[in-house]
Amino acid sequence: MEKNHLKGFLPLFVFAVIMAFSTGAWAQQKTINGTVTDDTGSPLPGVTIVVKGTTTGTITNVDGVYELDVPESANVLVFSYIGMLKQEIEIGNQTTIDVTLRPDVIGVDEVVVVGYGTRLKEELTGAVSSVSEEALQV
């Protein structure tokens, strides 16, 4: 009687092929990292980095460093920070993206300081009092 040595090989081969193709399902993300600084080169802590059109995001640490796992289909990262211009960066094949944010300069004449906050002149109603710089330096 002749034994078939390939009898147990077929199920093992099918299992190996299924496992090989299923590992592709796990590799649907890539890691993007980098540093966010201002225009003087100082790191910016607390910058929000979000994959455009999603809720996937992170913030920078105290050294301005971030790391974010993004889907392979992600195209654009949005960097935003209070007082800075929002910036959108295309990901492409990059895994390290360092960003320099520029200040969002507004005209001093357009802002009025009120107690502990600020208001635009258009939003202000009521009495207004102005103090000159010389009066403050007395």
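So, a few notes on the structure that sits alongside this text. (Residues numbered from 1 in each chain as written. Predicted model: local features only at pLDDT ≥ 70, side-chain atom pairs only at ≥ 80, totals over all residues. Heavy atoms only, no water.)

In this section: the sheet that holds strand β4 (residues 65–71). Strand order across the open sheet formed by 3 strands is β4-β1-β7, with mixed pairing between neighbours. The open sheet has two free edges, formed respectively by β4 and β7 (99–101), since each of these has just one partner strand. Shown here is a sheet whose adjacent strand axes are inclined to one another by a mean of 35 degrees, direction ignored. As paired elements, strand β1 (residues 29–38) and β7 share 3 bridges and run parallel to each other. (Pairing = 2+ DSSP bridges. Helix = DSSP H or I, 4+ residues; strand = E, 2+ residues; numbered from the N terminus. Axes fitted to C-alpha atoms, helices over the stretch in contact; angles between N-to-C directions.)

Opposite charge on two side chains allows them to pair when their charged atoms are near. With the rule as written, the count across this model stands at 1 salt bridge. The closest approach of N and O atoms between Glu88 and Lys52, which form a salt bridge, is 3.0 Å. Of this pair, Glu88 sits in strand β6 (residues 87–90) while Lys52 is found in the loop between β2 (48–51) and β3 (57–59), placing the two residues 36 residues apart along the sequence. Judged by its relative accessible area of 43%, Glu88 falls in the partly exposed class. Its relative accessible area of 47% is what places Lys52 among the partly exposed residues. (Salt bridge = Lys/Arg side-chain N within 4 Å of Asp/Glu carboxyl O. Buried < 20%, exposed > 50% of the residue type's maximum accessible area, 1.4 Å probe, protein only.)

Our focus in this paragraph is the packing of aromatic side chains. What the rule picks out here adds up to 1 aromatic pair. On the basis of an interplanar angle of 75 degrees and a centroid distance of 5.7 Å, the ring pair of Tyr66 and Phe79 is categorised as edge-to-face. Placement of the pair is Tyr66 in strand β4 and Phe79 in strand β5 (residues 76–80), with a sequence separation of 13 residues. Take Tyr66 and Phe79: they sit in the same class, and that class is buried. (Phe/Tyr/Trp six-rings, centres within 6.5 Å; stacked < 30°, edge-to-face > 60°.)

Nothing here speaks to function; it is all geometry.
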